[in-house]
Amino acid sequence: SIQMVDSHGKLHLFDRLQLAEVKTEAHSIMPSDYGQRLSKEDIRNVVAYLKSPHTMDAAEPVRDEGGVTSDRLAHADREPQNWLTYWGDYTGRHYSALNQIDTSNVSRLQAQWAVQMPGDDLVEGVPLVVDGVMYTTGQPGQVFAIDARTGRTIWTFQRRQKVKSPYEINPFVRGVSILGHRLFLGALDGALIAIDARTGAELWETQVGDAMLGYTITSPPLIVNNKVITGITGGEFGIRGFIEAYDPATGKRLWRFNTVPGPGEFGHDTWEGDSWEHGGAPTWLTGTYDPASNTIFWPVGNPGPDVNEVVRKGDNLFSCSVVALDPDTGKRKWHYQFTPNDSHDWDSTEDMVLVDRSWHGENRKLLLHADRNGVFYVIDRATGRMLAATPFVRATWMKGWDENGRPIPAPNGAASAEGNYVYPAGGGGTNFQAPSYSPKTGWMYLAYHDGGAKYIYGPAPFEPGKQFWGRGSGGFGPPPAGEAPDSSGVMAVDPETGKAQWKFELAQNSLSSGVLATAGGVVFAASREGNFIALDAKTGKALWHFGAGSEIPSSPISYAVNGRQFVAVSSAGVLYSFALPQ
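The structure contained in this document is the topic of the report that follows. Note that the coordinates shown come from a computational prediction; the quantities given were computed from them, not determined experimentally.

Taking strand neighbours across the sheet as the criterion, the four strands line up as β4-β39-β38-β37 in an open arrangement whose pairing is antiparallel. Looking at strand neighbours, the two that pair on one side only are β4 (110–116) and β37 (557–561), the edges of this open sheet. Taking the axes of each pair of neighbouring strands and ignoring which way they run, one obtains an average angle of 25° across the sheet. Bridge count between strand β38 (residues 564–570) and strand β39 (residues 574–579): four bridges; the pairing is antiparallel. In the sheet register, V569 faces β39, and the bridge partner there is Y576.

Let us now look at the side chain of S348. Looking at the element boundaries, S348 is found in the loop between β20 (332–337) and β21 (353–359). Since its relative accessible area comes to 0%, S348 is described here as buried. At 3.4 Å, the side chain of S348 forms a polar contact with the backbone oxygen of C320. Within polar-contact distance, the side chain of S348 engages the side chain of D371 at 2.7 Å. For S348, the residues in contact, after removing those within four places along its chain, are P299, V300, G301, C320, S321, F338, H369 and D371.

Formed by 61 residues in total, the largest nonpolar core has its most connected members in Y135, W155, L183 and I296. Tallying contributions element by element places strand β11 (residues 191–196) first for this core, with five residues.

A separate point is the environment of K23. Note on placement: K23 falls in the loop between β2 (11–14) and α1 (34–37). A residue is classified by how much of its surface remains accessible, and K23, at 70% relative accessible area, is exposed. Each C-alpha atom, one on K23 and one on L179, is 34 Å from the other, the two residues being 156 residues apart in sequence.

With that settled, consider the environment of T216. Note on placement: T216 falls in the loop between β12 (202–207) and β13 (222–224). Between the C-alpha atoms of T216 and P461, which are 245 residues apart in sequence, the distance is 22 Å. When neighbours within four sequence positions are excluded, T216 is seen to be in contact with A187, L188, G190, I232 and T233. Of the polar contacts made by the side chain of T216, one reaches the side chain of T233; its length is 2.3 Å.

It is worth spelling out the pattern of salt bridges at this point. Pairing between side chains becomes possible if they bear opposite charge and their charged atoms approach one another. A full pass over the atoms with the stated rule returns 27 salt bridges. For D356, the salt bridge goes to K365, with nearest N and O atoms at 3.4 Å. Owing to a relative accessible area of 43%, K365 belongs among the partly exposed residues under this scheme. R364 serves as the salt-bridge partner of E362, at 3.7 Å between the closest nitrogen and oxygen. Each of R159, K162, D189 and E205 takes part in salt bridges that share partners, so that together they form one network.

Right, let's get into the sheet that holds strand β29 (residues 443–450). Strands sit in the order β28-β29-β31-β32 across an open sheet of four strands; the sheet is antiparallel. Single-partner strands in this sheet number two, and they are β28 (436–438) and β32 (499–506). Neighbour-to-neighbour, the strand axes of the sheet open up by a mean angle of 30°, direction not taken into account. By the bridge criterion, three bridges tie β28 to β29 in an arrangement that is antiparallel.

The next subject is the packing of aromatic side chains. The geometry of an aromatic ring pair is captured by two quantities: the separation of the ring centres and the angle between the planes. Summed over the entire model, instances satisfying the criterion amount to 25 aromatic pairs. Measuring from ring centre to ring centre gives 5.3 Å for F462 and F468, while their planes differ by 85°; the resulting arrangement is edge-to-face. Classification of F468 by relative accessible area gives buried; the value is 6%. Three or more aromatic residues joined by ring pairs make a cluster, and in this case those are F524, F532, W544, F546, Y576 and F578. In this structure, R332 packs its charged tip against the face of F266, placed 3.8 Å from the ring centre.

This part covers the pairing of strand β10 (residues 182–186). Judged by how many residues are buried, β10 sits mostly within the fold: five of five residues are covered. Taking the residues between adjacent antiparallel strands as the criterion, strand β9 (residues 177–179) and β10 are bridged by two residues, where G180 takes a positive phi near 60°.

Residue placement: R174 occurs in the loop between β8 (153–158) and β9. With a relative accessible area of 4%, R174 lands in the buried category. Here the side chain of R174 touches T218 through a polar contact of 2.8 Å, side chain to side chain. Of the polar contacts made by the side chain of R174, one reaches the side chain of S219; its length is 3.1 Å.

A few words on unusual backbone geometry. Backbone torsion omega between G304 and P305 reads 0°, so that peptide bond is classified as cis. Residue position: P305 is located in the loop between β18 (295–299) and β19 (321–325). Cis peptide bonds are those with omega within 30 degrees of zero, and the linkage from Y423 to P424 qualifies with -5°. Position of P424 relative to the elements: it lies in the loop between β27 (420–422) and β28. The phi torsion at H94 lies on the positive side, around 50°, for a residue other than glycine. With respect to the helices and strands, the residue H94 is situated in the loop between α3 (70–74) and β3 (95–96). H94 gets classed as buried once you look at its relative accessible area, which sits at 1%. The phi angle at N316 is positive, at roughly 65°, despite the residue not being glycine.

Rules behind the numbers
- Residues numbered from 1 in each chain as written.
- Predicted model: local features only at pLDDT ≥ 70, side-chain atom pairs only at ≥ 80, totals over all residues.
- Heavy atoms only, no water.
- Pairing = 2+ DSSP bridges.
- Helix = DSSP H or I, 4+ residues; strand = E, 2+ residues; numbered from the N terminus.
- Axes fitted to C-alpha atoms, helices over the stretch in contact; angles between N-to-C directions.
- Buried < 20%, exposed > 50% of the residue type's maximum accessible area, 1.4 Å probe, protein only.
- Polar contact = N/O pair within 3.5 Å; in protein donor to acceptor, adjacent residues only side chain to side chain.
- Contact = heavy atoms within 4.5 Å.
- Core = buried A, V, L, I, M, F, W, Y, C linked by side-chain atoms within 4.5 Å.
- Salt bridge = Lys/Arg side-chain N within 4 Å of Asp/Glu carboxyl O.
- Phe/Tyr/Trp six-rings, centres within 6.5 Å; stacked < 30°, edge-to-face > 60°.
- Lys NZ or Arg CZ within 6 Å of the ring centre and 35° of its normal.

The structure is reproduced here in structure tokens:
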């Protein structure tokens, strides 16, 4: 194959077998009469320049020519052949409008190529695809540019982690973001990095948080209004969470929103005493964006310590919430808290899906969210008012909601010193890997687990950089007598009612895998045993599966090159791409 880059930075990939002729210029492009045209001093200056180290100016403006413009990001739905953001587009629907692969032919799907991802850890990366080039992550610090047709590697980027905490957990990176010809990558040592998408060269690096205190970055930032907006992890370490925006040209910080409010900030009084100083509320998954209202919607994780809520009495804003922010200033517009004073480790970092549709007979601008606490929410995204909340698995931690949309706690629904058996389990009714909303069916598809756990709290001494759980001993314990057994799988939920339309059960809890709905009426999902599965979006009937040989801890995407549709997904150590036989 032949790989060329034009003056705008656009990559062109050619298969020699499909070219009538290939010509190369054998002579040098240096003028043969340079000795007459340049003085000896000129020649010395040219040679000195060519021998000197010089790189692209990282601070130059981010140029859009031939790259991914802000307009392209805002209208990603117009180019379904590409996958331009972590969620596919700003809405978080994680849906593909491609329909070449459908319910009638998906049984003929075949693996077209596979790329090994070197390393020992699971690969949670969700690729981007831009005009036939795939950008994806492998192990932390690895970025690959790949020919999306053939799997051929174009370039690789490898950054060694500069600082590693001995207490580091969750050593994953879930992808990159793009603007112009720049990719943006988060690192486990708390750095944000800009990379040239054409060459893989590093352009700048800025430190966002201190890894030795528990701060890391595991998910790609959100690119909005020429800003790189990133969250941070560390909810298990007693950090103080935040969301920050950076200049894509220089890496300079532009604004910060604290998800644990300090003195004088709205919500500070929801933390008793000085518990806010180690309040957690991490922001480790990518948010969504509504260009019409110029609002970002960011999911926020658990308070710290995770289980012992007694040492941090109060609602603990903005933990287990969604915050609606102005992306230009970082100012809060509204928030909604799903689980006040959480003692179950129920991060609300699951996808905030933005949908314009008819709901209960009225056209509404909605935010749909299936939370780890086992409840499916419908929220008015203009005001933050909760419109409906319906458990999609057993949820015994609350007994309803008041007129303001605040949950009413159930007796024995929180952790205790002796332990309470509560539904759902600590892993939640669903988890952070992508759900998918299909405008064709009007349903949301998600992985679920219907089971409970015994929640026991214990002492919560804080030590900087160490895990800050406040969890008691004694194990999880058996469920109460007479309870139905646990179940797991994939379900379709109708936002109109909040009820499941069908369920496809799996043998093991598979909350580490995301789902993808397509215009072909197919829903792609995965099982913990390593099966990549295609289901009928209307009925849940199994149509096809592929044995990847290892766990699939990521979310699938779909893209097209030269009119041919592909579906790609990362397994434990291999990135696969599938298509119909030609």
